[in-house]
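Summary of structural features
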Amino acid sequence: MVENERLRQEMRRCEAELQELQELQAKPATPCPGCEHSQESAQLRNRLSQLQLEVAENKGMLSELNLEVQQKTDRLAEVELRLKDCLAEKAQEEERLSRRLRDSHETIASLRAQSPPVKYIIKTVEVESSKTKQALSECQARNQHLQEQVAMQRQVLKEMEQQLQSSHQLTAQLRAQIAMYESELERAHGQMLEEMQSLEEDKNRAIEEAFARAQVEMKAVHENLAGVRTNLLTLQPALRTLTNDYNGLKRQVRGFPLLLQEALRSVKAEIGQAIEEVNSSNQELLRKYRRELQLRKKCHNELVRLKGNIRVIARVRPVTKEDGEGPEATNAVTFDSDDDSIIHLLHKGKPVSFELDKVFSPQASQQDVFQEVQALITSCIDGFNVCIFAYGQTGAGKTYTMEGTPENPGINQRALQLLFSEVQEKASDWEYTITVSAAEIYNEALRDLLGKEPQEKLEIRLCPDGSGQLYVPGLTEFQVRSVDDINKVFEFGHTNRTTEFTNLNEHSSRSHALLIVTVRGVDGSTGLRTTGKLNLVDLAGSERVGKSGAEGNRLREAQHINKSLSALGDVIAALRSRQGHVPFRNSKLTYLLQDSLSGDSKTLMVVQVSPVEKNTSETLYSLKFAERVRSVELGPGSRRAELGSWSSQEHLEWEPACQTPQPTARAHSAPSSGTSSRPGSIRRKLQPSGKSRPVPV
């Protein structure tokens, strides 16, 4: 506005000068030659034209400033309106609060003014009639009501004061935020100007660099063009020579079809002969490759046996109707047609490969799996300790592989049948005794599946002879002499095992089952005694509570199962890294498997795999765990054999067995109410081998 006022004053001054000049021009001028006024008049005319130009420019600037002033005036008016609205609202709010405050004060004053008469009436009406007493009680009630109103008004007044104070604080905060936003806006504006300046400099620099590059490229193009012109001059004689050669070849092409047919016949014959030679060579190479692959596996198995590595085989169960339909039920597992130890898993769209000792496809039978482990089982007769355990998620088929069905038995029953056949073959020279025990670990409690009271908890103890071996006092041991005895033992133990329904498996094993087979042999000619032990373990499946839907007891069982499997993983990690301390005692499961995982046993793990897409995370974890287990070296297994002549004390790679006094059979009352009548009848058909002895594990 100050600039506008200055321009107006300057414009008035210029208009006054212009008017004076126009008056001078309006006067009749009498030309006088050689007069100095004529020169002054010309200067004044020039000055007049200049002033007219300046006036025009000032008018343009004035119009622009007027427009800008008008815009700012409109914005100012708008801000004033908003300010007036805010002030009006604030005034109304203050008036409302003051009115309420005034009303509250008036109410308080009126109540204070009314209180003395009430007190006076209370004092004077004590000896009046019943009517007066009734009026007195009404007045007292009214007084109480008025006092409550006074308290309520005071509370409201206090709240209003707090609201007013909070509104003042909010106003101060908003003003501080507005100031902060203005400072940030100014800083951002400065940064934007700096960035624009830097961008402008970068643009100019890039233009200069591009121009320089273009000049260099243009120079190179000119040089190439000069070279091309030179080449054209030299190529003209060569072109004439090529034309003559072309004419000669054209004459020769007329007889080319006959030559081509003859050449094609000879080439076809040579190609056919080469293909036959390549096919024969490929067949020979494939045969050699397969032979070398089998030899490599044989050498690898021998190396594993010498090192004492845990052998790991994988078995993939077929896709069943319980897996459902849709994309989650698609097959995510593939196999290598040339190598039966490779398995491929498609996890989240990425293929992952694993190498184990053997991989069985869903088409593999129970007999195929047993043939892979039967050599390991027969070594039990020679006095070696053998452990076979099944690992995998819930519903992957571990119990089917280990126990099977009555029509198609698994490893457990087939192993005992194989032991019986081997014992019968050696019956002329050796006398063998086969005993069987069965136990389960349920919620970190060890229970006897063949005992009279399966719910009774057992403990794992160290042999008192100092050998360091473990045994379970009170674990029932049955001597089996035929396949019928085996079937009765399995039926009795399977009846007592804990299974429940979950979302992942209709008959989910809720405990770790352990079948202990002890083979004791005596050579009639030399008196050599051997003791072999076969541990067949069916681990409970790892599961995710969200998938299995476990609640209550099932949830507690799942927590104990996952804890024991986690402890097994810790033991494998410690063995793999050759740590000095291996945490076997962190779980009943690892404590039971200590002898099988500490170097005195031949150990094999069967990892069960689900092939469907929805279980790829669990399948990936199981296969990774199998690879870690496969790399554990336990050392070569030792044979437990001793001569029958105690005077000579000659031992062959002897390991002291747990020679503790055999305790008498535990006294039991009648079976608990949870035991059905059928297992009791089965037990009466079985004859325990002497007394209930401590069974080493």
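Residues numbered from 1 in each chain as written. Predicted model: local features only at pLDDT ≥ 70, side-chain atom pairs only at ≥ 80, totals over all residues. Heavy atoms only, no water.

As annotated in an unreviewed UniProt entry, the protein chain carries the name Kinesin-like protein and is attributed to Galeopterus variegatus. Per its UniProt entry, the protein chain bears the Sequence similarities (unreviewed entry) comment "Belongs to the TRAFAC class myosin-kinesin ATPase superfamily. Kinesin family." The annotation that UniProt attaches to the protein chain under Subcellular location (unreviewed entry) is "Cytoplasm, Cytoskeleton". (UniProt positions renumbered as here; feature names shortened; annotations may be inferred.)

Looking at the overall build of the protein chain
Scanning the protein chain from terminus to terminus reveals 14 helices and 20 strands. Relative to its full complement of 697 residues, the protein chain shows a buried share of 34%. Counting contacts in the protein chain only where the partners sit at least 6 residues apart, residues at least 24 apart contribute 73% of the total. (Helix = DSSP H or I, 4+ residues; strand = E, 2+ residues; numbered from the N terminus. Buried < 20%, exposed > 50% of the residue type's maximum accessible area, 1.4 Å probe, protein only. Contact = heavy atoms within 4.5 Å.)

A look at empty space enclosed by the protein
Which parts of space are left empty comes out when a probe the size of a water molecule is rolled across the atoms. Going through the model one piece at a time under the given rule, you end up with 1 cavity of 30 Å³ or more. As a volume, the largest cavity reaches approximately 50 Å³. Looking at which element gives the most residues to the lining of the largest cavity, the answer is helix α10 (residues 553-576), with 4 residues. Of the residues assigned to the lining of the largest cavity, the class counts are 3 nonpolar, 4 polar and 3 charged. (1 Å grid on protein atoms, 1.4 Å probe; cavity = no way out; pocket = protein on both sides within 12 Å on 5 of 7 lines; lining within 4 Å. Points joined across faces, edges and corners; volume = space filled by probe spheres on them. Nonpolar A, V, L, I, M, F, W, Y, C, P; charged D, E, K, R; others polar.)

Remarks on the packing of aromatic side chains
Applying the stated criterion to the full structure yields 2 aromatic pairs. Seen from their ring centres, Trp430 and Tyr432 are 5.6 Å apart, and the 15 degrees between their planes marks the pair as stacked. Of the two residues examined, Trp430 and Tyr432, each falls in the buried class. Here the guanidinium or amino end of Lys602 rests over the ring plane of Phe384, the centre of that ring lying 4.2 Å away. (Phe/Tyr/Trp six-rings, centres within 6.5 Å; stacked < 30°, edge-to-face > 60°. Lys NZ or Arg CZ within 6 Å of the ring centre and 35° of its normal.)

Some details on the nonpolar core
Of all hydrophobic cores here, the largest spans 51 residues; its most connected members are Tyr391, Leu446, Leu539, Leu597, Met605 and Val607. Looking at which element gives the most residues to this core, the answer is α10, with 7 residues. Leu446 has contacts with Ala439, Glu440, Ile441, Glu456, Lys457, Leu458, Ile460, Val472 and Leu592, leaving out every residue within four places of it along the chain. Counting 42 residues, the second-largest nonpolar core is a separate cluster that includes Cys380, Leu419, Val436 and Val489. (Core = buried A, V, L, I, M, F, W, Y, C linked by side-chain atoms within 4.5 Å.)

Quick notes on the environment of Phe584
Within the fold, Phe584 resides in the loop between α10 and α11 (588-592). Using a relative accessible area of 8% as the deciding quantity, one classes Phe584 as buried. Contact partners of Phe584, with chain neighbours within four places excluded, come to Val571, Thr590, Tyr591, Gln594, Leu597 and Ser598.

Side note on the confidence of the model for the protein chain
Of all residues in the protein chain, 80% attain a pLDDT of 70 or more, and the chain-wide mean is 77. This stretch, residues 501-507, has a pLDDT under 50; its non-local contacts, to residues over four places away or in other chains, come to 19 contacts. Every residue in residues 645-695 scores below 50 in pLDDT, and together they form 91 contacts with partners more than four places removed in sequence or on other chains. (pLDDT = per-residue confidence, 0-100.)

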